[in-house]
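A structural walkthrough
The chain contents come next:
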Amino acid sequence: MTTRLTTEQIERYSRQIMVPDLGGRAQMHLRDARVLIIGAGGLGSPAAFYLAAAGIGTLGIVDPDKVELSNLQRQILHATPDIGRHKVESAKITLTRLNPDVDVKPYPVRFDPGNAHEIAADYKFIVDGSDSFETKFLINDIAIKLGIAFSHAGIVRLQGQTMTVIPGKSACYRCLFQAPPPPEEILNCQASGILGAVAGTLGTIQATEAVKFLTGIEEGLLTDRLLIYDAKQMRFRDVAVQRDPYCASCGDPASKSASA
Ligand SMILES: [Zn+2]
């Protein structure tokens, strides 16, 4: 039951409809798409902004936290008057103001093993904007299990990395890193700092990957390679990532039992 775009939608999205790789049909795919953003922080903010602006029909946003003053340097969905408000609520206000066509579904909870399946099952693509390794591995494993493509990203200080995973087709996050690092090796934003614009670059790449995937521009997706961004040197490089047949998440069952 695909309906045509309205005159207003054609005008709103005209600059991306003009792009030869996109066009009106792609815009209809975006309007019918459902994307889940996990984390309304430094990565989730720019990703959600551009996905809402691009006309994604349904945007789910998961985050248990409330807006704090120290978030505002990078979490651009939220403004000073939002301090103390749930991030998902603040996100919904901001995104609806930008584009009332988008149905923003707020989940003011931590994405955890108890709710991950139920929340994620409804979505076609996931943007991992989380800041903990535990959540990153959970997102990977649930996405592989449910067959949902997703964009991974991580940021620290003046560096970031990102990779897109298509279950059953490309290497997953667990093919690259088998398990979370020990706690003493973990650098996170809270402990080590982050430049807001670095998070912005990575979150924007994630939004681009989501749009490409949802509109069928699959050949150039960031799959089977990890893109590393070094803002201090202002260099991007990518490292090939191979699918691991023994991967605990996406490896084939025969290899898994052979290795057990
Ligand atoms: Zn894997």
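Everything that follows concerns the structure shown earlier in this document.
I will try to describe carefully the structure that is included in this document.

Each value, and the rule that gives it
- Residues numbered from 1 in each chain as written.
- Predicted model: local features only at pLDDT ≥ 70, side-chain atom pairs only at ≥ 80, totals over all residues.
- Heavy atoms only, no water.
- Donors = N, O, S within 2.8 Å, 3.2 Å for Na, K, Ca; no water.
- Tetrahedral: all angles 85-135°; square planar, octahedral: opposite > 155°, others 65-115°.
- Buried < 20%, exposed > 50% of the residue type's maximum accessible area, 1.4 Å probe, protein only.
- Helix = DSSP H or I, 4+ residues; strand = E, 2+ residues; numbered from the N terminus.
- Pairing = 2+ DSSP bridges.
- Right-handed = clockwise from strand over helix to strand, strands pointing away.

1. Looking at the coordination of the zinc ion
Surrounding the zinc ion are the protein donor atoms Cys172 (SG), Cys175 (SG), Cys247 (SG) and Cys250 (SG), which sit 2.3 Å from the metal. Because the angles between the four donor atoms bound to the zinc ion fall within 94 to 119°, the donor set is best described as tetrahedral. Sequence positions of the donors to the zinc ion reduce to the motif C-x2-C-x71-C-x2-C. A relative accessible area of 9% means that cysteine 250 is categorised as buried.

2. Section: the pairing of strand β2 (residues 58–62)
With five of its five residues buried, β2 lies for the most part within the structure. Going residue by residue along β2, you find Thr58, Gly60 and Val62 tucked away on one face and Leu59 and Ile61 tucked away on the opposite face as well. Relative to β2, strand β1 (residues 34–38) runs parallel, the two being bridged by five bridges. What sits directly across from isoleucine 38, in β2, is valine 62. Each parallel crossover has a hand, and the one from β1 via helix α4 (residues 44–54) to β2 is right-handed. Pairing between β2 and strand β3 (residues 103–107): five bridges, direction parallel. Counted as the bridge partner of threonine 58 is aspartate 103 from β3. Crossover handedness for the path β2 to helix α5 (residues 87–98) to β3: right-handed.

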